[in-house]
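Structure assessment
Single-letter residue listing:
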Amino acid sequence: MGYTCLVCNYDGLFEQPYTNGIASDEICPCCGFQYGYDDFDKKNSTFEEWRNRWIEEGCKWYSRSRKVPDKWDANEQLNIFRKTE
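Everything numeric here is computed off the predicted structure, so don't read it as measured data.

Here we take up the overall build of the protein chain. For the protein chain, the count of helices and strands is two helices and two strands. Its C-alpha atoms give the protein chain a radius of gyration of 12 Å, within 12% of the compact-globule value 12 Å for 85 residues. Counting only C-alpha atoms, the protein chain reaches 35 × 30 × 20 Å along its principal axes. Across the 85 residues of the protein chain, 35% fall into the buried class. Taking all contacts inside the protein chain whose residues are at least 6 apart in sequence as the whole, residues at least 24 apart take part in 37%.

In structure tokens form, the structure reads like this:
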């Protein structure tokens, strides 16, 4: 796969979200978070806020151009965050 989204744990990003503190500007096709834009003024609290909003809205696949991966399961993908809470 690729790099992992810090918001939703999707492992198909094309670039690392941050390299030496600089955001990639990539938009996660899964949750829609854009690194360097949606986190412009803060990082860690923004990840949790975005994740919670994405979950409340039903964990819908964001991208219209990238297809939902076969056997994609948002609940399974989010388990890493549930184990640490």
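Our next topic: the confidence of the model for the protein chain. On average, residues of the protein chain score 90 in pLDDT, and 93% of them are at 70 or above. Put simply, helix α2 (residues 74-84) is where the protein chain has its lowest mean pLDDT, 84, and strand β1 (residues 18-19) is where it has its highest, 94.

Another point: unusual backbone geometry. In the Ramachandran plot, Asn-9 falls in the positive-phi region, its phi being about 75 degrees despite a non-glycine side chain. Judged by its relative accessible area of 21%, Asn-9 falls in the partly exposed class. At Asn-20, a residue that is not glycine, the phi angle is positive and equals roughly 55 degrees. By the secondary structure assignment, Asn-20 is in the loop between β1 and β2 (22-23).

Calculation criteria
Residues numbered from 1 in each chain as written. Predicted model: local features only at pLDDT ≥ 70, side-chain atom pairs only at ≥ 80, totals over all residues. Heavy atoms only, no water. Helix = DSSP H or I, 4+ residues; strand = E, 2+ residues; numbered from the N terminus. Rg over C-alpha atoms; globule rule 2.2 N^0.38 Å. Buried < 20%, exposed > 50% of the residue type's maximum accessible area, 1.4 Å probe, protein only. Contact = heavy atoms within 4.5 Å. pLDDT = per-residue confidence, 0-100.

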